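Per-entry structural report
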Amino acid sequence: MTLSFNRSVIEEFRARGGKVGGPFEGSDLLLLTTTGATSGREHTTPLACFRDGDRLLVVASAAGAPRHPDWYHNLLAHPLVQVEFGTEEFPAVAVPAEGAHRDRLFAQVVGAAPGFADYQARTARTLPVVMLERSEPGPDEAPREITSLADKLIEVHTWLRAQLKQVRAEADAHFAARPGAAVEGSGAPPAPALGLQIRQHCLAFCQALTFHHTSEDEHVFPSLDTHHPHLRAALDRLRAEHRTVGRIKDELAGLLGSIGTADPHRFRSELERMSEELTAHLDYEEESLIPVLAEIPFPPGPPNPS
């Protein structure tokens, strides 16, 4: 699709509450906003989508072009994306499916939209099927009420802890599925590959943590320095820990890069050490700041004229 056509579809989608006419009449469509892999700028792309339980699926088909579309390269670099579907808008983690899991999902897509089989036939590349997993409570879940900056901090930390826990669980599943891990002769089929899935959740964790710490260093901490000087020692410690956490994130990315050949015992030990350091940082931040942040409304109201 050309940029001008994309723009007209995006405008119609937003003006009509997620409905688009023409070739998309009656089809499920979403708007996917990704962060440029090299530019860092946001890009919004209209895409056909398919439901898979609580998740939405999109296919990086590019109509059967020989190369993956730009939005797919973007989400590999920055897995946290923004989704507009109908009248909803929500953040999500983009996770390409792998192996037999990808094949099952692609067959499901083709069953709903046979044209994707034609796209696959046009190209030698395997068309990626991307799962969009909500990174916030769904419409049927009761979200925590956010009335203060302390509530917002707890919400962010809860999400970060959940992502870290998921990375650890997926790493365990990956090692359990590696050749030789199962009992010989058990007849159990091999589990789907999890390397890319782990990578995406790890990058999403690191991306969110970087954004969270940058916001604190540039906005929250300077304000607390000014209005709550008794917190200065704690804030200095947290700033120093942010630098340490930055190093740990790099180590975590490096560790996951070697998961295909890593020794399971060493890998788990290193991941456990990093998880404990990251969790201790989050715990100390909550202990130090929540009493003060509980007094600050969120979202912030209009500025006081006085």
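Residues numbered from 1 in each chain as written. Predicted model: local features only at pLDDT ≥ 70, side-chain atom pairs only at ≥ 80, totals over all residues. Heavy atoms only, no water.

Now for helix H3 (residues 99-112). Here H3 spans 21 Å end to end across 14 residues, near enough to the 20 Å set by a 1.5 Å rise per residue. Within the sequence span of H3, burial applies to His101, Arg102, Leu105, Phe106 and Val109. All buried residues of H3 lie within an arc of 130 degrees about the axis, which places them on one face of the element. Opposite the buried face of H3, by more than 90 degrees, sit the exposed residues Ala100, Ala107 and Gly111. Turning to H3, the residues buried within the fold contact strand S3 (50-52), strand S4 (55-59), helix H4 (115-122) and strand S7 (129-134). (Helix = DSSP H or I, 4+ residues; strand = E, 2+ residues; numbered from the N terminus. Expected span 1.5 Å × (residues − 1). Buried < 20%, exposed > 50% of the residue type's maximum accessible area, 1.4 Å probe, protein only. Arc of directions from axis to C-beta. Contact = heavy atoms within 4.5 Å.)

Its location among the elements puts Glu155 in helix H5 (residues 149-177). Relative accessible area serves as the criterion here: at 31%, Glu155 is assigned to the partly exposed category. In this structure, the C-alpha to C-alpha distance between Glu155 and Glu145, residues 10 residues apart in sequence, is 9.6 Å. Within the structure, the side chain of Glu155 is placed 2.7 Å from the side chain of Lys152, a separation counted as a polar contact. (Polar contact = N/O pair within 3.5 Å; in protein donor to acceptor, adjacent residues only side chain to side chain.)

This brings us to the state of the cysteines. If you walk through the whole model with that rule in mind, you get 0 disulfides. Unpaired in this structure, Cys202 has its nearest cysteine sulfur neighbour in Cys206, at a distance of 4.2 Å. (Disulfide = S-S within 2.5 Å.)

For helix H7 (residues 232-257), with 26 residues, the first-to-last C-alpha span of 38 Å sits near the 38 Å given by 1.5 Å per residue. Within H7 the residues assigned to the buried category are Ala234, Leu235, Leu238, Glu241, His242, Val245, Ile248, Lys249, Leu252, Leu255 and Leu256. Those residues of H7 that are buried lie in contact with H5, helix H6 (195-227) and helix H8 (264-293).

Let us look at the side chain of His201. Here His201 lies in helix H6. Overall, His201 belongs to the buried group, its relative accessible area being 0%. Here the side chain of His201 touches Glu133 through a polar contact of 2.8 Å, side chain to side chain. Non-local contacts of His201, meaning those with residues more than four positions away in its chain, are made with Val93, Val95, Glu133, Gln163, Gln166, Val167 and Glu170.

Strand order in the open sheet made by the 7 strands is S2-S1-S5-S6-S7-S4-S3, with antiparallel pairing throughout. In the strand order of this sheet, the two ends are held by strand S2 (42-48) and S3, each with one partner. Averaged over all neighbouring strand pairs, the angle between strand axes comes to 35 degrees, with direction disregarded. Of the pairings in the sheet, the one linking S3 to S4 comprises 3 bridges and is antiparallel in character. (Pairing = 2+ DSSP bridges. Axes fitted to C-alpha atoms, helices over the stretch in contact; angles between N-to-C directions.)

Take Ser288: it is sitting in helix H8. Leave out the neighbours within four places in its chain, and Ser288 touches Leu231 and Ala234.

Glancing now at the packing of H5 against H6. Across the interface, H5 lies against H6 with an axial gap of 9 Å and an inter-helix angle of 155 degrees. Regarding the angle of H5 to H6, the classification is roughly antiparallel. Of the two elements, H5 crosses H6, and the hand of that crossing is left-handed. Taken together, the residues of the contact of H5 with H6 break down into 15 nonpolar, 8 polar and 2 charged. (Parallel < 35°, antiparallel > 145°, perpendicular 65-115°, else oblique. Left-handed = near helix turned anticlockwise from the far one by under 90°. Nonpolar A, V, L, I, M, F, W, Y, C, P; charged D, E, K, R; others polar.)

In this section: the confidence of the model for the protein chain. Averaged over all residues, the pLDDT of the protein chain is 86; the fraction at 70 or higher stands at 89%. Here residues 138-142 scores under 50 on pLDDT; set against residues more than four positions off or in separate chains, the count is 2 contacts. Scored below 50 in pLDDT, residues 182-192 makes 3 contacts in the model with residues more than four places away or belonging to other chains. (pLDDT = per-residue confidence, 0-100.)

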